[in-house]
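Here is how the chains run, residue by residue.
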Amino acid sequence: MMHPLSFRHSSLLTRACLNGRTLSTLLASTSLGCLPPTYSPAVSKLAFFNSVTGDSSKIPSYRVLDVFGVPIEGAKVPEISKQFAWRLYEHMQLLPTLDDILCSGQRQGRIPFYATSYGEEATVIGSAAALADDDEVLSQYRETGVLLWRGFTLDGIMAQVFGNHEDSGKGRQIAVHYGSKQHHFHTISSPLATQISQAAGVGFALKRDPARRSKNVACAFFGEGAASEGDFHAGLLLAATLSSPTLFLARNNGFAISTPNSQQFYGDGISARGPGYGVDTVRVDGNDVLAVMNAVKEARRRCLEGGRAVLVEMMTYRVGHHSTSDDSYVYRERQEVEDRTKNDNPITRFRLFMESRGWWNQTDEDELAFRLRRDVIKAFKRAETVKKPYLRDMFTDVYAEEPWNIVSRWISQCHVLIVATERTAEGVDGTAQEIWTSVGAMAK
């Protein structure tokens, strides 16, 4: 069921204020008094509850466009220009183009690992378009589109995936674990959900910075599987209680690797948890890029205005395998994936909307597909030719001063490399003289 955009705590509850400050949420009737610690009203009727909607119905999902790209009745279509729509669509199309080529590269043994964004293009690009470019993003591994939206280059993507000399992480991270200080994109961590509680701390730091207070938010992207980790609860509790302007964006794509969401939780998704922490919450159709953009934009406004957490659950479907290490057809039917791709494709939906406005045609589609594939292949081939980082940079930027055990191990490794280097014209890390120079610098 799709409804207009509405953030809520619960329809069962109303606000109670004292001297302009929200104390808690109270039932409308307080005739029997209330309990001082929580300001909870006393009632004479024993009643259990298990729903935030008040009538045991499911939390509705906000939508602007139906699956045919037609605005639904009563929906507020954002005022966007043809140029902005083109930019949205180009970035949505860039993601599967990138995924196609890098997945093929991994299967050929040219890169070690990859994770795709198939099916989640609207969720990622719609969110990116609604955020300020200097909002701090702490993501998982399907938000490549956020970086690209902010101007991160294809060469930068390829450098990280190949782990070559141009990679800002100097090849020390697993592939698809991007990071860019320039683009306010915190380096991705492999351990699940760690970014959620970290984002709450980043938001708290932003609130304490006079230059960024009431200007920027911290934004955590995560899947519904990550919401089963303790970090999710710690992050929301911190951001809600200590008033940290943190935007929590949950991608509910149906699977935590091979575990379907029906086996991850018994309640009504991730949205049902928001009111428990006292934060404004909304559920949105994650395959509708305009709905996602509207929802995240409003969530960001509330986050800044209230100075505390806001939760957005984006309902989508993970079309691709979890990663190149996964075969999803072991735990779901191939026909299910094909049906979802055909019947509810976020790219097709937005393309139909653009065509209805005369903003797009088949010639534009063909030209874009050719250009994107050409650019991605060009960056891929170039990255293969770039040398790997120097081994001496393995611990650079890790310690202010390298501890003795690191220096000792590095010197031991260098002796082995020098022997190998003297037998060849050039070694993995340059000439023998260069290695000796490195050893001397570390030993000082």
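Everything numeric in this text was worked out from a predicted model, so none of it was measured.

Draft legend 1. Structural context of the overall build of the chain. The helix and strand tally for the chain stands at 12 helices and 14 strands. Counting all 444 residues of the chain, 49% fall into the buried class. In the chain, once contacts between residues fewer than 6 apart in sequence are set aside, the share between residues at least 24 apart is 72%. Accessible surface for the chain amounts to roughly 22100 Å². Of this, 53% is attributable to carbon and sulfur atoms.

Draft legend 2. Structural detail: the pattern of salt bridges. Going through the model one piece at a time under the given rule, you end up with 24 salt bridges. A salt bridge links Glu136 to Arg212; its shortest N-O distance comes to 2.8 Å. Note that Glu136 is positioned in strand β7 (residues 136-138) and Arg212 in the loop between α5 (194-208) and β9 (218-223), a separation of 76 residues in sequence. Among the residues examined, Glu136 registers a relative accessible area of 8% and is labelled buried.

Draft legend 3. Expanded view of α5. Here α5 contains 15 residues, and its C-alpha end-to-end distance of 22 Å stays within 8% of the 21 Å for a straight helix at 1.5 Å per residue. Those residues of α5 that sit buried are Thr194, Gln195, Ile196, Ala199, Ala200, Val202, Gly203 and Leu206. Contact partners of the buried residues in α5: β7, β8 (185-186), β9, α6 (230-241) and β10 (246-252).

Draft legend 4. Region of the structure containing the packing of aromatic side chains. Under the counting rule described, the total for this entry stands at nine aromatic pairs. Between the aromatic rings of Phe255 and Tyr317, the centroid separation amounts to 6.1 Å while the plane-to-plane angle is 75 degrees, which identifies the pairing as edge-to-face. Note that Phe255 is positioned in strand β11 (residues 255-256) and Tyr317 in the loop between β14 (310-315) and α8 (334-343), a separation of 62 residues in sequence. Taken individually, Phe255 and Tyr317 each receive the classification buried, so the pair is uniform in this respect. Seen from their ring centres, Phe353 and Trp359 are 6.3 Å apart, and the 90 degrees between their planes marks the pair as edge-to-face. We classify Phe353 as buried; its relative accessible area is 1%. Since its relative accessible area comes to 14%, Trp359 is described here as buried. Members of the aromatic cluster, connected to one another through ring pairs, are Trp86, Tyr89 and Trp360. Here the basic side chain of Arg87 rests over the ring of Trp149, its NZ or CZ set 3.7 Å away from the ring centre. Sitting over the ring of Tyr329, Arg334 keeps its end group 4.0 Å from the ring centre.

Draft legend 5. Geometry of the side chain of Glu121. Here Glu121 is to be found in helix α2 (residues 121-130). No salt bridge is formed by the buried Glu121. Its closest oppositely charged neighbour is Arg142, at 10 Å. There is a polar contact of 3.1 Å between the side chain of Glu121 and the backbone nitrogen of Gly119. The contacts of Glu121, once residues within four sequence positions are left out, are Met92, Leu95, Pro96, Gly126, Pro346 and Ile347.

Draft legend 6. Representation of the pairing of β14 in the model. With five of six residues buried, β14 is to be regarded as a mostly interior element. Pairing analysis gives six bridges linking β10 to β14, with the strands arranged parallel. Bridged to Ala250 within β14 is Glu313. Where strand β13 (residues 280-285) lies against β14, six bridges are found, and the strand directions are parallel. Pairing of Thr281 across the sheet is with Leu311, part of β14. Taken together, β13, helix α7 (residues 289-306) and β14 form a β-α-β motif whose crossover is right-handed.

Draft legend 7. A look at the side chain of Thr53. Assignment of secondary structure puts Thr53 in the loop between β5 (40-41) and β6 (61-62). A polar contact of 2.8 Å, which involves the side chain of Thr53, links it to the side chain of Ser51.

Draft legend 8. How the structure looks around the packing of helix α1 (residues 82-107) against helix α10 (residues 362-385). In the contact formed by α1 and α10, the axes pass within 9 Å of each other and the chain directions differ by 45 degrees. It follows from the interaxial angle that α1 and α10 lie oblique. Considering only the axes of α1 and α10, their crossing is right-handed. Contacts from Trp86, Tyr89, Glu90, Gln93, Leu94, Thr97, Leu98, Ile101, Leu102 and Gly105 in α1 reach Asp364, Glu365, Leu368, Arg371, Leu372, Arg373, Val376, Ile377 and Phe380 in α10. When the residues that make up the contact of α1 with α10 are grouped by side-chain class, the tally is 11 nonpolar, three polar and five charged.

Draft legend 9. Looking closely at the environment of Val137. Mapping Val137 onto the fold places it in strand β7. Val137 gets classed as buried once you look at its relative accessible area, which sits at 0%. Setting aside anything within four residues of it in sequence, one finds Val137 in contact with Leu131, Val146, Arg150, His184, Phe185, His186, Cys219 and Phe221.

Draft legend 10. Structural context of the nonpolar core. Leu88, Leu290 and Phe350 are the most contacted members of the largest nonpolar core, which totals 75 residues. Apart from the residues within four sequence positions on either side, Leu290 is in contact with Val64, Leu65, Val77, Pro78, Ile80, Leu88, Phe350 and Phe353. Ile196, Ala199, Ala227 and Phe232 belong to the second largest nonpolar core, which has 23 residues in total.

Draft legend 11. Representation of a negative patch on the surface within the structure. A grouping of Glu333, Glu336, Glu338 and Asp339 is seen on the molecular surface, where their side chains present a negatively charged patch. Within the secondary structure, Glu333 is located in the loop between β14 and α8.

Draft legend 12. Just α1, in detail. Spanning 26 residues, α1 covers 38 Å between terminal C-alpha atoms, matching the ideal 38 Å at 1.5 Å per step. Taken from the residues just after α1, Gly109 is the one with a positive phi, measuring 80 degrees.

Draft legend 13. How the structure looks around the packing of α5 against α6. Running from N to C, α5 and α6 point in directions that differ by 15 degrees, and their axes come no closer than 7 Å. Relative to α6, the element α5 lies roughly parallel. In this structure, the crossing between α5 and α6 has a hand that is left-handed. Residue-level inspection shows Thr194, Ile196, Ser197 and Ala200 of α5 in contact with α6, the latter providing Asp231, Phe232, Gly235, Leu238 and Ala239. A breakdown of the residues in the contact of α5 with α6 according to their chemical character gives five nonpolar, three polar and one charged.

Reading the values: rules and limits
Residues numbered from 1 in each chain as written. Predicted model: local features only at pLDDT ≥ 70, side-chain atom pairs only at ≥ 80, totals over all residues. Heavy atoms only, no water. Helix = DSSP H or I, 4+ residues; strand = E, 2+ residues; numbered from the N terminus. Buried < 20%, exposed > 50% of the residue type's maximum accessible area, 1.4 Å probe, protein only. Contact = heavy atoms within 4.5 Å. Areas by Shrake-Rupley, 256 points an atom, 1.4 Å probe, with all protein chains shown as cover. Salt bridge = Lys/Arg side-chain N within 4 Å of Asp/Glu carboxyl O. Expected span 1.5 Å × (residues − 1). Phe/Tyr/Trp six-rings, centres within 6.5 Å; stacked < 30°, edge-to-face > 60°. Lys NZ or Arg CZ within 6 Å of the ring centre and 35° of its normal. Lys, Arg positive; Asp, Glu negative; His and termini not counted. Polar contact = N/O pair within 3.5 Å; in protein donor to acceptor, adjacent residues only side chain to side chain. Pairing = 2+ DSSP bridges. Right-handed = clockwise from strand over helix to strand, strands pointing away. Axes fitted to C-alpha atoms, helices over the stretch in contact; angles between N-to-C directions. Parallel < 35°, antiparallel > 145°, perpendicular 65-115°, else oblique. Left-handed = near helix turned anticlockwise from the far one by under 90°. Nonpolar A, V, L, I, M, F, W, Y, C, P; charged D, E, K, R; others polar. Core = buried A, V, L, I, M, F, W, Y, C linked by side-chain atoms within 4.5 Å. Patch = residues over 30% accessible without salt bridge, like charges linked within 9 Å, V, L, I, M, F, W, Y side chains within 5 Å. Charge placed at Lys NZ, Arg CZ, Asp CG, Glu CD.

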